[in-house]
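Structural characterization, general
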Amino acid sequence: LKPSASLFERGLEVLRTNLWDSVSGFNQSGPPRAMMPPMPHSMDGRPHYRVVRTYFYSMNTWDVVAGDADQGLFVHMYLVLLRGEGFAFATPRNRSHPNASVPTFTVDHFFGEHKPWRKRTRCAAYFDFMHHPDFVQPAERTHCMAVLEEKRVCMEPGLDRERNRSVCRMCVRHKQKTTCLGTPPRCPEETWWRVF
């Protein structure tokens, strides 16, 4: 998630106030339910069901994992301060909403323990963006990109222990789930939330 320079500075201003508590969140803005705008795709004006199901919304508290860090700050910046402007759930049923768009790349938020970079992950579709012709590797190879690239290689369909010996050895040595071992790709339901 790469904010604009002005939004980045605004986020720093929020952090510099050093004001946060579990009831009112950053800058003592207020409890989540009081501060959250209706989600763009809620035709009846209520927040989107995926927001309603979150702990912070259902319990009306900022006392959540990283609520005083990145998770809480992103909610504060994008949904409290910006009131959800430009926010769209990029799912097929919501494409008709005026705020919805179909960008080349999207931002996904991964819930719970099923993350693309974990060794046990078996969802090859997480790495589709790396095959896109517009995708450009950063000039300086980052640790994050190295991890994602290794996961992508290990979950390539049709890897064979004999034909792809060096790749399969690397995947096994690094304890990655891999199609080399006959592990089929599997993408779980409802583990990520497409944001933009």
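One structure accompanies this document, and this report is about it. (Residues numbered from 1 in each chain as written. Predicted model: local features only at pLDDT ≥ 70, side-chain atom pairs only at ≥ 80, totals over all residues. Heavy atoms only, no water.)

Each pair of packed helices gets described by two things: the angle between the helix axes and the distance between those axes. Where helix α1 (residues 5–16) meets helix α5 (residues 70–81), the closest approach of the two axes is 11 Å, and the angle between their N-to-C directions is 115 degrees. The two elements α1 and α5 cross, and the hand of that crossing is right-handed. Together, L7, R10, G11, V14 and L15 of α1 and L73, H76, M77, Y78 and L81 of α5 make up the contact between the two elements. (Axes fitted to C-alpha atoms, helices over the stretch in contact; angles between N-to-C directions. Helix = DSSP H or I, 4+ residues; strand = E, 2+ residues; numbered from the N terminus. Left-handed = near helix turned anticlockwise from the far one by under 90°. Contact = heavy atoms within 4.5 Å.)

A few words now on the pattern of salt bridges. Pairing is possible between side chains that carry opposite charge, provided their charged atoms lie close to one another. The tally for this structure, following the rule as stated, stands at 4 salt bridges. With a shortest N-O distance of 2.7 Å, E149 and R152 are connected by a salt bridge. Of the two residues, E149 and R152 both sit in helix α6 (residues 143–154), 3 residues apart, roughly one turn of that helix. R152 shares its class with E149; the two are buried. Here E156 ties to R152 by a salt bridge, and the two come within 2.6 Å at their closest N and O atoms. When salt bridges that share partners are traced, they join E149, R152 and E156 into one network. (Salt bridge = Lys/Arg side-chain N within 4 Å of Asp/Glu carboxyl O. Buried < 20%, exposed > 50% of the residue type's maximum accessible area, 1.4 Å probe, protein only.)

Moving on: the packing of aromatic side chains. Ring pairs (aromatic) are described by centroid distance and by the angle formed between their planes. Taken as a whole and judged by the stated rule, the model has 2 aromatic pairs. Between F56 and W62 the ring centres are 5.6 Å apart and the planes differ by 40 degrees, which places this aromatic pair in the tilted class. Summarising the aromatic geometry, the rings of Y126 and F127 are spaced 6.3 Å apart at their centres and angled 80 degrees between planes, so their arrangement reads as edge-to-face. Note on accessibility: Y126 and F127 belong to one class, buried. If you follow R33 out to its NZ or CZ, it ends over the ring of Y57, 5.9 Å from the centre. (Phe/Tyr/Trp six-rings, centres within 6.5 Å; stacked < 30°, edge-to-face > 60°. Lys NZ or Arg CZ within 6 Å of the ring centre and 35° of its normal.)

Our next topic: the state of the cysteines. Counting across every chain of the model gives 3 disulfides. For C123, the disulfide goes to C187, at an S-S distance of 1.9 Å. Measuring the twist about the S-S bond at about 85 degrees, one finds the C123-C187 disulfide to be right-handed. Taken together, the positions of C123 in the loop between β3 (108–110) and α6 and C187 in the loop between α7 (165–173) and β4 (192–194) put the pair 64 residues apart, joining distant regions of the chain. Among the residues examined, C123 registers a relative accessible area of 0% and is labelled buried. (Disulfide = S-S within 2.5 Å.)

Another point: the nonpolar core. Inside soluble globular proteins, nonpolar side chains tend to come together where they are buried. Of all hydrophobic cores here, the largest spans 8 residues; its members are M35, M36, F56, Y57, W62, V75, L79 and V80. Broken down by secondary-structure element, the contributors of at least two residues to this core are α4 (55–58) and α5. The element best represented in this core is α5, accounting for 3 residues. Leaving out residues up to four positions away in the same chain, M35 has contacts with S29, G30, L79, V80 and R83. Judged by nonpolar contacts, the second largest core, of 7 residues, contains L73, M77, Y78 and L82. (Core = buried A, V, L, I, M, F, W, Y, C linked by side-chain atoms within 4.5 Å.)

Our next topic: α5. For α5, the complete set of buried residues consists of G72, L73, V75, H76, M77, Y78, L79 and V80. Looking at the buried side of α5, the elements it contacts are α1, β2 (25–26), α2 (32–35) and α4. Backbone geometry just after α5 places R83 at a positive phi near 55 degrees.

With that settled, the discussion passes to unusual backbone geometry. Backbone geometry at N18 places phi at a positive 55 degrees, although glycine is not the residue there. Here N18 shows up in the loop between α1 and β1 (20–21). Non-glycine residue N27 carries a positive phi angle of around 55 degrees. Structurally, the position occupied by N27 is in the loop between β2 and α2. Taking relative accessible area as the criterion, N27 reaches 30% and is therefore assigned partly exposed.

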